[in-house]
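Reading the structure
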Amino acid sequence: MTDLLSVEGLTRHFGGIAAVVNLHFRVKEGEIFGIIGPNGAGKTTAFSMIAGSLVPTVGSIRFRDREIGGWPSQRVVHLGICRTHQIPRPFTGMTVYENVEVGMRYGGRRTPPRGSIADEIERILEFTGLSGWGARPAGSLPTGNRKRLELARALATDPVVLLCDEICGGLNPTETADILSLLRRLRDGGITILYIEHDMRAVMRTCDRIMVLNYGEKLAEGTPEEIQDDEGVIEAYLGRRSWMGRAEPIEERP
Amino acid sequence: MTAAPGSRTPTSRTAYAVAALALLAFLAVPLVGITNNAIRLLLTTFLWVTTSLAWNLLGGVTGQVSFGFAVFYGLGAYTAGLSINGGVNPYAAIAAGGAVAAFGSLLIGLPTFRLRGPYFAIATIGVNEAVRIVMSNLEITGGASGLRLLQAGRFSQAEHYYAALGVAALAFLVSWRVMHSTFGLALRAIREDQDAAADVGVHPFRCKLAVHALAACLTGLAGGVFAHYSAYIHPDGVFAFATSTSILLMPVIGGLGTLSGPVIGAAVYSIVQEEMVVNFPQFHLLLYGALLILIMLFEPGGLAGLWRRLARRLRGRNAADPGAGIAAQQQPTGGGS
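This is a predicted model, so every value here is computed, not measured. (Residues numbered from 1 in each chain as written. Chains lettered and ligands numbered in written order. Predicted model: local features only at pLDDT ≥ 70, side-chain atom pairs only at ≥ 80, totals over all residues. Heavy atoms only, no water.)

1. Quick notes on the sheet that holds strand β9 (residues 209–214) of chain A
All names here are of chain A. If you walk across this open sheet you meet the 6 strands as β6-β7-β8-β3-β9-β10, and the pairing is mixed. A strand with exactly one partner marks an edge of an open sheet, and here the two such strands are β6 (81–83) and β10 (217–222). Direction aside, the axes of adjacent strands within the sheet are offset by 15° on average. By the bridge criterion, 4 bridges tie strand β3 (residues 32–36) to β9 in an arrangement that is parallel. (Pairing = 2+ DSSP bridges. Helix = DSSP H or I, 4+ residues; strand = E, 2+ residues; numbered from the N terminus. Axes fitted to C-alpha atoms, helices over the stretch in contact; angles between N-to-C directions.)

2. Description of a negative patch on the surface
All names here are of chain A. On the surface, Glu225, Glu226, Asp229 and Glu231 cluster together into a patch of negative charge. Here the negative patch gets 3 residues from one element, more than from any other, and that element is helix α8 (residues 224–229). Mapped onto the fold, Glu225 is located in helix α8. A residue is classified by how much of its surface remains accessible, and Glu225, at 52% relative accessible area, is exposed. (Patch = residues over 30% accessible without salt bridge, like charges linked within 9 Å, V, L, I, M, F, W, Y side chains within 5 Å. Areas by Shrake-Rupley, 256 points an atom, 1.4 Å probe, with all protein chains shown as cover. Salt bridge = Lys/Arg side-chain N within 4 Å of Asp/Glu carboxyl O. Lys, Arg positive; Asp, Glu negative; His and termini not counted. Charge placed at Lys NZ, Arg CZ, Asp CG, Glu CD. Buried < 20%, exposed > 50% of the residue type's maximum accessible area, 1.4 Å probe, protein only.)

3. A short note on the packing of helix α3 (residues 69–85) of chain B against helix α9 (residues 204–230) of chain B
Residue and element names in this part refer to chain B. At their nearest, the axes of α3 and α9 sit 7 Å apart, and the two run at 50° to each other. Judged by the inter-axis angle, α3 sits oblique to α9. The two elements α3 and α9 meet at a crossing, and its hand is right-handed. Where α3 approaches α9, its residues Phe69, Phe72, Tyr73, Gly76, Ala77, Ala80 and Ile84 are matched on the opposing element by His212, Ala215, Ala216, Thr219, Gly220, Ala222, Gly223, Gly224, Phe226, Ala227 and His228. In terms of residue class, the contact of α3 with α9 is built from 11 nonpolar, 7 polar and no charged. (Parallel < 35°, antiparallel > 145°, perpendicular 65-115°, else oblique. Left-handed = near helix turned anticlockwise from the far one by under 90°. Contact = heavy atoms within 4.5 Å. Nonpolar A, V, L, I, M, F, W, Y, C, P; charged D, E, K, R; others polar.)

4. Brief notes about helix α2 (residues 36–61) of chain B
Residues and elements named next belong to chain B. Spanning 26 residues, α2 covers 36 Å between terminal C-alpha atoms, matching the ideal 38 Å at 1.5 Å per step. Taking the largest bend as the criterion, α2 deviates by roughly 35°, centred on Trp55. Within α2, 19 of the 26 residues are buried, which leaves it mostly tucked inside the rest of the structure. One or two steps after α2, the chain reaches Gly63, where phi turns positive at roughly 75°. (Expected span 1.5 Å × (residues − 1). Bend = angle between axes of the 7 residues up to and from the residue.)

5. Quick word on the nonpolar core
In terms of nonpolar packing, the biggest core is built from 127 residues, with Leu151(A), Leu162(A), Leu183(A), Ile193(A) and Tyr195(A) touching the most fellow members. Once residues lying within four places of it in the same chain are set aside, the contact partners of Leu183(A) are Ile32(A), Leu151(A), Cys164(A), Ile167(A), Ile193(A) and Tyr195(A). (Core = buried A, V, L, I, M, F, W, Y, C linked by side-chain atoms within 4.5 Å.)

6. Here's the deal with the environment of Ile84(B)
Residue and element names in this part refer to chain B. Here Ile84 lies in helix α3. Taking the relative accessible area as the measure of exposure, Ile84 reaches 10% and is therefore buried. Along the sequence, Ile84 and Phe46 sit 38 residues apart, while their C-alpha atoms lie 22 Å from each other. Ignoring any residue separated from it by four or fewer positions in sequence, one finds Ile84 in contact with Pro90, Ala93, Leu149, Leu150 and His228.

7. A few points about the confidence of the model for chain B
Residue and element names in this part refer to chain B. Model confidence for chain B is summarised by a mean pLDDT of 86, while 90% of its residues fall at 70 or above. Considering only residues more than four positions removed or in separate chains, one finds that residues 1–8, a stretch of pLDDT under 50, has 14 contacts. Low confidence marks residues 318–337, where pLDDT is under 50. Its contacts with residues over four positions away, or in another chain, come to 30 contacts. (pLDDT = per-residue confidence, 0-100.)

8. Overview of the packing of aromatic side chains
Counted by the stated rule, this structure contains 12 aromatic pairs over all chains. Arranged with centres 5.1 Å apart and planes meeting at 80°, the rings of Phe26(B) and Phe46(B) form a pair that is edge-to-face. Placement of Phe26(B) in helix α1 (residues 12–28) and of Phe46(B) in helix α2 is noted, with a sequence separation of 20 residues between them. Among the residues examined, Phe26(B) registers a relative accessible area of 28% and is labelled partly exposed. Centroid distance Tyr73(B) to Phe226(B): 5.8 Å. Interplanar angle 35°. Geometry classified as tilted. Here Phe226(B) lies in helix α9 and Tyr73(B) lies in helix α3, a separation of 153 residues in the sequence. Judged by its relative accessible area of 4%, Tyr73(B) falls in the buried class. One aromatic cluster in this structure is built from Phe26(B), Phe46(B), Tyr161(B) and Tyr162(B). For the cation-ring pair, Arg153(A) lies above Phe91(A), with the distance from its terminal atom to the ring centre recorded as 4.4 Å. The ring of Phe205(B) has Arg114(B) sitting right over it, with the charged end atom 4.3 Å from the ring centre. (Phe/Tyr/Trp six-rings, centres within 6.5 Å; stacked < 30°, edge-to-face > 60°. Lys NZ or Arg CZ within 6 Å of the ring centre and 35° of its normal.)

Here it is, written out as structure tokens:
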């Protein structure tokens, strides 16, 4: 498998604070690449730079041998990189259908053929479990469906790489399982997924490879098994408690 | 509400019919012999309807509140006035007014659209004042003493009436087209969440510039018709900050982001203005202030929203209101960490 996305020396400062420091990683085509780390570790900042919402202070982001660091999001999305937000940001005054329609009409890599748009939107709504919600104003959706709408709107842009920022945060176990199965189906359909998550069980079960961030730097990278056994990760991030093998997810430090 | 794809509402055919009937009725008005004063009132109303619809495209649909629309009204008026005095056909002159206003909007939009929300609004206040002061001191415009237009031929009120009706109809048609188009979809997405819109491929800056130019052009046309009609314009009238706030007030009173709202707002404003200014000068400002506060507190959908709510109440339906005012639905959106 080839590298689809390669990040080199990525750094972002906010005033005197270094949110992301000299980050290197490569994402292979067709994998689910997890990014974990404590709050404030720089996960979302790294995401935002890839998605074009933030300009890197230093560093390079290459997508299929094209340098995209510093491109604005409306340009990045046309290459096929689209993000979802940790806190869903639906267009609340528009219907669910219209939310997805914006993604389809403006984010697509090619103009969808006339007449097929309604079918495509229906298909995406059905895939994300929102069929029947199309005519509802997005502002009236409960949290679980807002997360689904984030996913649906991003999928409407026909992405090559999907950046999912804590898409299971705040969901109950059933909803989480649903979303995770959607992500796996998307991966099996050929979409590469970068996935930030706090829910350890979700990450370990879903990701092909995982990168651990701490204080803006990379602490470790590898398969879920390797990460679970990594002494550095256990000590620095997860603490010394023997938590592995427990059924319930780890409590996050506040 | 059916699961209608796109933004077509079931009532759009009825609305179309109402609009067509209204247009026919207004076309017939000068023929049935109502007083000149009533025709003048209608004419002014049409001009305000035009600016109100135009402002609504930027402020209501796209959510970019501008306090600077008098600039476009004034640019339209002065361009038309100077062209007419230079011997240009009045209607070509009015069209030129629209073009100059649109061009001016680009010059204003390029720097100011880098700002967001209240900062954009404040910047437009500054631009408005700056332009007014420049226009008050320019030699070519006649400075603060204003510009008198040369009149070719006999004055015909009906002609001006039809010109005003024409620009109002144009503004209505343009608004209708924009609001039901893919472009309108992007504009609404920008209003709801500019960053999220950019994330899915909308180019907020370009879209804002485009709709600003469109709105400025319509406002400029209204300014041009006004100049041609009144035959005398001065900077403290057409470029006044009060003109900007009036242009903003009407769609807010009527109902932002809708098609009927700005029309209703302009009509109410014009009639109230007419009655109040004669009997209680200055008092009308108090009334607008009170109206504005009441609307913001109780009915962010404006008079159009109030009407929808009443209609629903009368029909005895208590379904959740999907079209309740935009402002009510605008929630603070959190950024990523």
